[in-house]
Amino acid sequence: MAHHNRHDYLCPLRWGDMDALGHVNNGRYVDYLQDARVDFLFRTAKELGAGNLETGLLVARHEVQYRRPLVFRPEPVHIELWISEIKAASFLVDYEILDLAADGTRTTYVEARTRLVPFDFAANRLRRITPVERTALEKLVGC
């Protein structure tokens, strides 16, 4: 079953991401999340007219819940991500790293969340989410 407003990113696994047991090293998952988030925000923010969300963001917090080990294989893993909360000066991106079987079965490896804050690099300070950005982000709120 497809989830409303979730962005699906296919993430390739790299041999160098593995630990001695052939599992993805826990530290690599944050890189996978970043790849998915950049794909999500660059593509969708631009489409929705909120181009500043591409680059003007800082990560304030990551939460990563490891569910089961992901073993190296040639096929990519799915990362589903969506906006779960929008505040005046931050928003949350939620993720699931998973496999989707043909019969609809979902095998989840990681559930994660990132709090992002808009940043004005020219002024070197945090800033609030603009009305245009809020409108764009509201279209990306998923479940």
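Rules behind the numbers
Residues numbered from 1 in each chain as written. Predicted model: local features only at pLDDT ≥ 70, side-chain atom pairs only at ≥ 80, totals over all residues. Heavy atoms only, no water. Salt bridge = Lys/Arg side-chain N within 4 Å of Asp/Glu carboxyl O. Buried < 20%, exposed > 50% of the residue type's maximum accessible area, 1.4 Å probe, protein only. Helix = DSSP H or I, 4+ residues; strand = E, 2+ residues; numbered from the N terminus. Arc of directions from axis to C-beta. Contact = heavy atoms within 4.5 Å. Phe/Tyr/Trp six-rings, centres within 6.5 Å; stacked < 30°, edge-to-face > 60°. Lys NZ or Arg CZ within 6 Å of the ring centre and 35° of its normal.

**So, the pattern of salt bridges**
Pairs can form between side chains of opposite charge whenever their charged atoms are close. Counted according to the given criterion, the structure contains 14 salt bridges. Of the charged contacts in the structure, one is a salt bridge between Asp17 and Arg14, with a shortest N-O distance of 3.3 Å. Each member of the salt-bridge network shares a partner with another, and the members are Arg6, Glu80, Glu96 and Arg106.

**Regarding helix 2 (residues 131-138)**
Among the residues making up helix 2, those that are buried are Glu133, Ala136 and Leu137. Taken down its axis, helix 2 places every buried residue within 95° of arc, on the same side. Among the structural elements, strand 3 (77-86) and strand 4 (91-100) are those in contact with the buried residues of helix 2.

**Things to note about the packing of aromatic side chains**
For the coordinates displayed, the defined rule picks out 4 aromatic pairs. Their ring planes at 85° and their centres at 6.0 Å tell us that Tyr29 and Tyr32 sit as a pair that is edge-to-face. Placement of the pair is Tyr29 and Tyr32 together in helix 1 (residues 28-47), with a separation of 3 residues, close to one helical turn. Summarising the aromatic geometry, the rings of Phe119 and Phe121 are spaced 4.8 Å apart at their centres and angled 65° between planes, so their arrangement reads as edge-to-face. The buried category is assigned to Phe119, whose relative accessible area is 12%. A cation sits over an aromatic face here: Arg6 above Trp82, 3.6 Å from the ring centre.

**Comments concerning the environment of Val64**
If you trace the backbone, Val64 turns up in strand 2 (residues 57-66). Owing to a relative accessible area of 25%, Val64 belongs among the partly exposed residues under this scheme. Residues Val64 and Arg128 lie 64 residues apart in sequence; the distance between their C-alpha atoms is 26 Å. Val64 has contacts with Val30, Leu33, Val110, Glu111 and Ala112, leaving out every residue within four places of it along the chain.

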